[in-house]
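Structural overview for review
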Amino acid sequence: FFLFFFLMIRRPPRSTLFPYTTLFRSYSLVDEGHYQEAINVLERALVLGPYDEDVVDKLGRIYLYDIQQPSQGLEFLKRATEINPKRKKYWYNYGLALYRLHNCQAVVALQQYQARCEAGEKCGRKYRDWSKNASKFLTWQRGCWTQNPVSSTLKELVRAMFTF
């Protein structure tokens, strides 16, 4: 009877492949500076849960912030916005990666972030202001224009002003 009772109350074995367990494990690995090990753990977790948005986002953020290789993290950050397009932090991270790569799609991603901030979601002022300034910089300095009628009309106006 006691053996049966003991088997019933013991904890299940800790799986290193369970997505949430690995997500929390990756935080400690990153804090210790073991970035490649954290990436390996998270990639194994994606085998079991390829649509786990938090794991995908964390993998992209390791490449973006910790390793400083936004081109490698871009795929993961984009996938996070595709899995859950309503989370503003995914749009911010995706926009930041695109911005660091001088990609004009950053304007669209950062506008998605700003739209969620203006819709009432709580956003830090520093992040909101940076995203607005980055969008303006890309639009005016790099010539990145979104595909809506107002911006295309504005684009034509700016071109007309500078052709004389």
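Cut-off values and rules
- Residues numbered from 1 in each chain as written.
- Predicted model: local features only at pLDDT ≥ 70, side-chain atom pairs only at ≥ 80, totals over all residues.
- Heavy atoms only, no water.
- Disulfide = S-S within 2.5 Å.
- Buried < 20%, exposed > 50% of the residue type's maximum accessible area, 1.4 Å probe, protein only.
- Salt bridge = Lys/Arg side-chain N within 4 Å of Asp/Glu carboxyl O.
- Helix = DSSP H or I, 4+ residues; strand = E, 2+ residues; numbered from the N terminus.
- Axes fitted to C-alpha atoms, helices over the stretch in contact; angles between N-to-C directions.
- Parallel < 35°, antiparallel > 145°, perpendicular 65-115°, else oblique.
- Left-handed = near helix turned anticlockwise from the far one by under 90°.
- Contact = heavy atoms within 4.5 Å.
- Nonpolar A, V, L, I, M, F, W, Y, C, P; charged D, E, K, R; others polar.
- pLDDT = per-residue confidence, 0-100.

Re the state of the cysteines
Per the stated rule, a full pass over the model turns up one disulfide. The partner cysteine of Cys117 in its disulfide is Cys123, sulfur to sulfur 2.0 Å. Across the disulfide from Cys117 to Cys123, rotation about the S-S bond amounts to roughly -100°, and the bridge is consequently left-handed. For the residue pair Cys117 and Cys123, the accessibility class agrees, reading buried in each case.

Comments concerning the pattern of salt bridges
Overall, the coordinates contain six salt bridges when judged by the stated rule. Between Arg87 and Asp54 there is a salt bridge, with the nearest N and O atoms lying 3.3 Å from each other. Of the two residues, Arg87 sits in the loop between α5 (70-83) and α6 (88-100) while Asp54 sits in helix α4 (residues 53-66), which places them 33 residues apart along the sequence. Each member of the salt-bridge network shares a partner with another, and the members are Glu53, Asp54 and Arg87.

Re the environment of Ile39
Tracing the backbone shows Ile39 in helix α3 (residues 35-48). Through-space distance from the C-alpha of Ile39 to that of Ile62 is 7.7 Å; in sequence the pair is 23 residues apart.

With respect to the packing of α6 against helix α7 (residues 105-118)
Where α6 contacts α7, the two axes come as close as 8 Å, and the packing angle between them is 155°. By the angle class used here, α6 and α7 are roughly antiparallel. Crossing geometry of α6 relative to α7 is assigned as left-handed. Seen from α6, the contacting residues are Lys88, Trp91, Tyr92, Tyr94, Gly95, Leu96, Leu98 and Tyr99; seen from α7, they are Gln105, Ala106, Ala109, Leu110, Gln112, Tyr113, Arg116 and Cys117. Grouping the amino acids of the contact of α6 with α7 by side-chain chemistry returns eleven nonpolar, three polar and two charged.

Considerations on unusual backbone geometry
In the Ramachandran plot, Gln68 falls in the positive-phi region, its phi being about 60° despite a non-glycine side chain. Counting through the fold element by element, Gln68 comes out in the loop between α4 and α5. Phi angles above zero are rare outside glycine, and His102 is one such case at about 60°. If you trace the backbone, His102 turns up in the loop between α6 and α7.

Section: the confidence of the model for the protein
When pLDDT is averaged across the protein, the result is 81; 76% of the residues are at 70 or more. α5 holds the highest mean pLDDT among the elements of the protein, 95, whereas helix α1 (residues 2-9) holds the lowest, 50. Across residues 8-17 the pLDDT falls below 50, and counting only partners more than four positions away or on other chains, this stretch makes ten contacts in the model.

Quick look at the environment of Phe76
The residue Phe76 is located in helix α5 in this model. For the pair Phe76 and Asp57, spaced 19 residues apart in sequence, the C-alpha separation works out to 6.3 Å. Here Phe76 is in contact with Glu43, Leu46, Val56, Leu59, Gly60 and Tyr63, once residues within four sequence places are set aside.

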